[in-house]
Amino acid sequence: MRRLDAEAIERELSRLGASLGRPLSVAVETASTNDDARRVAAAGAPHGAAFLADAQTRGRGRGGRAWHSPPGENLYLSVVLRPGLPASGVSPIALVMGLAVASVVERRLAPARRPGASGDRAASEVRLKWPNDVLVGGRKLAGILVEAQLRGESVSSVIVGVGLNVGTRSFPPELSARATSLSLLGVDDVPREVLAAELLQALGGAATRFEAGGLAPFADDLARLDWLRGRHVEVAGVAGVAAGIDPAGHLLIRGADGVLRGVAAGEVCVASG
C-alpha cells in the first residue's frame with residue numbers, strides 16, 4: 001500500500017494555484033476527516049484548512065451512514081470553508097460542491113468519450129443525484145457531506161467532506177451493484193495526490209462563485225447533470241416525477257395532480273423500472 005504523500009499534494013496545489021488546501025494535514029488513519037476538520041474549525045482554523053487520510057475507521061455519509069473507507073485506495077478529504085453567507089443561504093452549497101467534484105471526474109473520464117474510444121459511452125456519463133452524490137453510469141462514484149456550524153444568523157464555518165472512490169476494484173456485497181471507482185472506469189494512472197489537489201482547486205473555485213452569486217452561475221450544469229430529472233421519486237412524503245432543481249436548491253417534484261412542489265431535504269427513493 002502506497003501512502004498519500006503530503007509534499008506531492010502541496011506541489012500540485014501550488015502548480016494549480018488552488019485557494020484551498022493550506023494548512024494541509026494528511027493522516028495514515030483517522031476516525032473521520034469531517035470530524036477532524038470540524039474540531040479544528042471550532043478552534044479557529046482558517047478558511048482552506050484541509051484534512052486527508054489514507055483510511056477512516058468511522059467514515060460517514062449523509063444520515064450517519066457508514067462510508068466504505070479501505071486503506072490506500074481512495075480519497076477521503078475534508079476542508080474548512082468560512083463563507084460570508086447568512087445561515088439561510090448555505091444549504092445549496094452541497095449541490096455546488098457536488099458539481100465541483102463532478103467537473104474533476106468529467107475531465108478525467110473525457111478520454112473514454114473521444115471518437116473511436118472503446119467502451120459504453122452511457123457507462124461513463126457523469127451525473128449529480130440531488131443533493132450530494134456523484135454517479136457514473138448510474139453507480140455512485142463520490143459522495144459529499146456538508147456540515148455547517150452556525151452562529152446566530154450567520155455561518156461560522158462549513159465543513160465539506162468528499163469521499164471519492166479511486167482505486168477500489170472490489171466492493172462489499174451490499175455496495176457492489178451500486179458503487180464504482182475511477183479504476184473500474186478505466187482511470188487507473190492518476191496519482192491520488194494529483195486528484196486531491198484537483199478536487200481542492202475545484203471546490204475552492206466553486207465556493208467563491210457560490211458566495212458571489214448563489215446557485216445562478218451553476219444553473220446550466222445543474223440541469224445538464226441532473227440524474228433524477230424525469231424519474232419517479234418520493235422524498236419527505238412527496239411523490240411524483242422529478243422536474244429539476246429550483247434556484248434555492250430544492251428538488252422539484254410534479255405530483256400526479258400536476259402540481260409542482262419543492263423539497264428542501266430528505267432521502268430520495270427512486271422507483272425501479
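Procedures and definitions
Residues numbered from 1 in each chain as written. Predicted model: local features only at pLDDT ≥ 70, side-chain atom pairs only at ≥ 80, totals over all residues. Heavy atoms only, no water. Helix = DSSP H or I, 4+ residues; strand = E, 2+ residues; numbered from the N terminus. Rg over C-alpha atoms; globule rule 2.2 N^0.38 Å. Buried < 20%, exposed > 50% of the residue type's maximum accessible area, 1.4 Å probe, protein only. Pairing = 2+ DSSP bridges. Axes fitted to C-alpha atoms, helices over the stretch in contact; angles between N-to-C directions. Contact = heavy atoms within 4.5 Å. Polar contact = N/O pair within 3.5 Å; in protein donor to acceptor, adjacent residues only side chain to side chain. Salt bridge = Lys/Arg side-chain N within 4 Å of Asp/Glu carboxyl O.

Within the protein chain one finds 5 helices and 12 strands. Taking 273 residues into account, the globule formula puts the C-alpha radius of gyration at 19 Å, and the protein chain, at 18 Å, falls close to it. Each principal axis of the C-alpha atoms in the protein chain carries an extent, and together these give about 55 × 55 × 35 Å. Residue burial in the protein chain is summarised as follows: out of 273 residues, 50% are buried.

Once that is clear, we can look at the sheet that holds strand S3 (residues 75–81). Read from one edge of the open sheet, 7 strands run S1-S2-S3-S7-S6-S5-S4, paired in mixed fashion. Where the open sheet ends on each side, the last strands, each with one partner, are strand S1 (24–27) and strand S4 (126–129). Recorded for the sheet is a direction-independent mean angle of 15 degrees between the axes of neighbouring strands. Inspection of the sheet shows strand S5 (residues 133–136) paired to strand S6 (residues 139–151) by 4 bridges, in the antiparallel sense. Counted as the bridge partner of Leu135 is Lys140 from S6. This element, helix H3 (residues 93–109), spans S3, S4, S5, S6 and strand S7 (154–164) of the sheet and lies at about 150 degrees to S6.

Moving on, we get to the environment of Val96. You can see Val96 is positioned in helix H3. A relative accessible area of 0% places Val96 in the buried class. In the structure, Val96 is positioned 90 residues away from Gly186 in sequence and 26 Å away in space, judged by C-alpha atoms. Contacts of Val96, omitting those with residues within four sequence positions, involve Ala206, Phe210, Leu215 and Phe218.

This part is about the environment of Ile93. Positionally, Ile93 belongs in helix H3. Non-local contacts of Ile93, meaning those with residues more than four positions away in its chain, are made with Leu81, Val146, Val158 and Phe210.

Burial along strand S8 (residues 232–235) is one-sided: the residues Val233 and Val235 are buried and none of His232 and Glu234 is. Where S8 meets strand S9 (residues 238–245), 4 bridges bridge the pair, whose relative direction is antiparallel. Pairing of Val233 across the sheet is with Gly240, part of S9. The loop that links S8 with its antiparallel partner S9 comprises 2 residues; one of these, Ala236, has a positive phi angle of about 50 degrees. In this structure, S8 lies alongside strand S12 (residues 269–270), joined through 2 bridges in antiparallel fashion. Residue Val233 lies in a different strand from S12, and its bridge partner there is Val270.

Since the α-helix turns once every 3.6 residues, residues separated by three or four places project in the same direction. Every buried residue of helix H2 (residues 33–42) is listed here: Thr33, Asn34, Asp35, Asp36, Ala37 and Ala41. The secondary structure elements touched by the buried residues of H2 are strand S2 (50–53), S3, S6 and S7. Taking the backbone nitrogen of Asn34 as reference, a side-chain oxygen 3.2 Å away marks Ser32 as the first, capping residue of H2. At the exit of H2 stands Gly44, carrying a positive phi of roughly 105 degrees.

A separate point is the pattern of salt bridges. All chains considered together, the criterion is met by 13 salt bridges. Notably, a salt bridge pairs Glu10 with Arg22, separated by 3.7 Å at the nearest N-O pair. Residue Glu10 is located in helix H1 (residues 6–16), and its partner Arg22 is located in the loop between H1 and S1; the two are separated by 12 residues in the primary sequence. Taking the relative accessible area as the measure of exposure, Glu10 reaches 29% and is therefore partly exposed. Residue Arg22 is classed as partly exposed on the basis of its relative accessible area of 35%. Residues Asp133 and Lys140 are paired through a salt bridge, measuring 3.1 Å at the closest nitrogen-oxygen approach. Its relative accessible area of 13% is what places Asp133 among the buried residues. Taken together, the salt bridges that share partners define one network made up of Asp35, Arg38 and Glu147.

In short, shape yes, function no, at least from these values alone.
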